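Structure assessment
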Amino acid sequence: YKDNGSVTAATDRALYVFSKEGKLISKYEYTDRVLQYFDINSEDYSVLVVGNHVYGTETSLVVLDNSLKVISDAEIGSEIDGISTDGRRILLTASESILVFNAYGDQVDTVSMPRGTREIVQNESVGAYAIQIDKAVPISMK
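Quick notes on the rules
- Residues numbered from 1 in each chain as written.
- Predicted model: local features only at pLDDT ≥ 70, side-chain atom pairs only at ≥ 80, totals over all residues.
- Heavy atoms only, no water.
- Helix = DSSP H or I, 4+ residues; strand = E, 2+ residues; numbered from the N terminus.
- Buried < 20%, exposed > 50% of the residue type's maximum accessible area, 1.4 Å probe, protein only.
- Lys, Arg positive; Asp, Glu negative; His and termini not counted.
- Charge placed at Lys NZ, Arg CZ, Asp CG, Glu CD.
- Salt bridge = Lys/Arg side-chain N within 4 Å of Asp/Glu carboxyl O.
- Pairing = 2+ DSSP bridges.
- Axes fitted to C-alpha atoms, helices over the stretch in contact; angles between N-to-C directions.

Brief notes about the overall build of the protein
Summing up its helical and strand segments, the protein has zero helices and 14 strands in all. Written out in order from the N terminus, the α and β elements of the protein read β-β-β-β-β-β-β-β-β-β-β-β-β-β. Expressed as lengths along the three principal axes of its C-alpha atoms, the size of the protein is roughly 45 × 35 × 25 Å. Classification of the 142 residues of the protein by burial places 43% in the buried group. Of note, the protein has its 13 positive side-chain charges centred 3 Å away from the centre of its 21 negative side-chain charges.

Remarks on unusual backbone geometry
Generally, phi is negative for residues other than glycine and the peptide bonds are trans, each holding for most cases. Backbone geometry places L68, a non-glycine residue, at a positive phi of 65°. Tracing the backbone shows L68 in the loop between β6 (60–65) and β7 (70–75). A residue is classified by how much of its surface remains accessible, and L68, at 7% relative accessible area, is buried. At S95, a position not held by glycine, the phi torsion is positive, near 60°. Tracing the backbone shows S95 in the loop between β9 (89–94) and β10 (97–102).

Quick word on the pattern of salt bridges
One pass over the structure, following the stated rule, counts four salt bridges. A salt bridge links D86 to R88; its shortest N-O distance comes to 3.7 Å. Assessed through its relative accessible area of 10%, D86 is described here as buried. Residue classification places R88 among the partly exposed positions, given a relative accessible area of 40%. Taking the shortest distance from any N to any O, the salt bridge between R89 and D86 comes out at 3.7 Å. D86 carries the same exposure label as R89, and that label is buried.

Remarks on the sheet that holds strand β5 (residues 45–51)
An order of β4-β5-β6-β7 is seen for the four strands of this open sheet, with the pairing classed as antiparallel. Edge positions in the sheet fall to β4 (34–39) and β7, since each has one partner strand and no second. The average undirected angle you get between the axes of adjacent strands in this sheet is 20°. With six bridges connecting them, β5 and β6 associate as antiparallel partners. Directly across from S46, in β6, lies its bridge partner L64.

Quick look at the pairing of β5
Burial analysis of β5 places seven of its seven residues in the buried class, the great majority of the element. Taking every second residue as pointing to the same face, both faces of β5 are buried, with Y45, V47, V49 and G51 on one and S46, L48 and V50 on the other. One ladder, built from five bridges, connects β4 with β5; its direction is antiparallel. Paired with Y37 across the bridge in β5 is V49.

What to know about the pairing of strand β1 (residues 7–10)
In this structure, β1 lies alongside strand β2 (residues 14–18), joined through four bridges in antiparallel fashion. Bridge pairing links A10 to L15 in β2. Between β1 and β2, which pair antiparallel and follow one another directly, the connecting turn spans three residues.

Here's what the structure looks like:
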């Protein structure tokens, strides 16, 4: 749900935005790609990781505005294990690395993921942390 009352929904074939009355406002189809990860919680944009039917090949990061117009659709060339967004940054975990993108889908950094990381969490005021079994480790990035 967005502050304006709209609802964004992700399915295996497309991303949809509905008005608070239930009317379809916009739709973004993945075409021949498969949805791997998504984050539709931001008030400003939606983030999708889509790939070819063979997992890990031709993986792309897609950033869409609230009307589902494409801001960025770029091949990232890595097999992605997870996603974390905070309104300013998009973090994609890939093996032992964290790929850092700005909100426009431009890659700005790659940092090493701390050993034993289970999940990456972030927010605008604190930054990013690697969640491990018994602690949270701050992640330094641009």
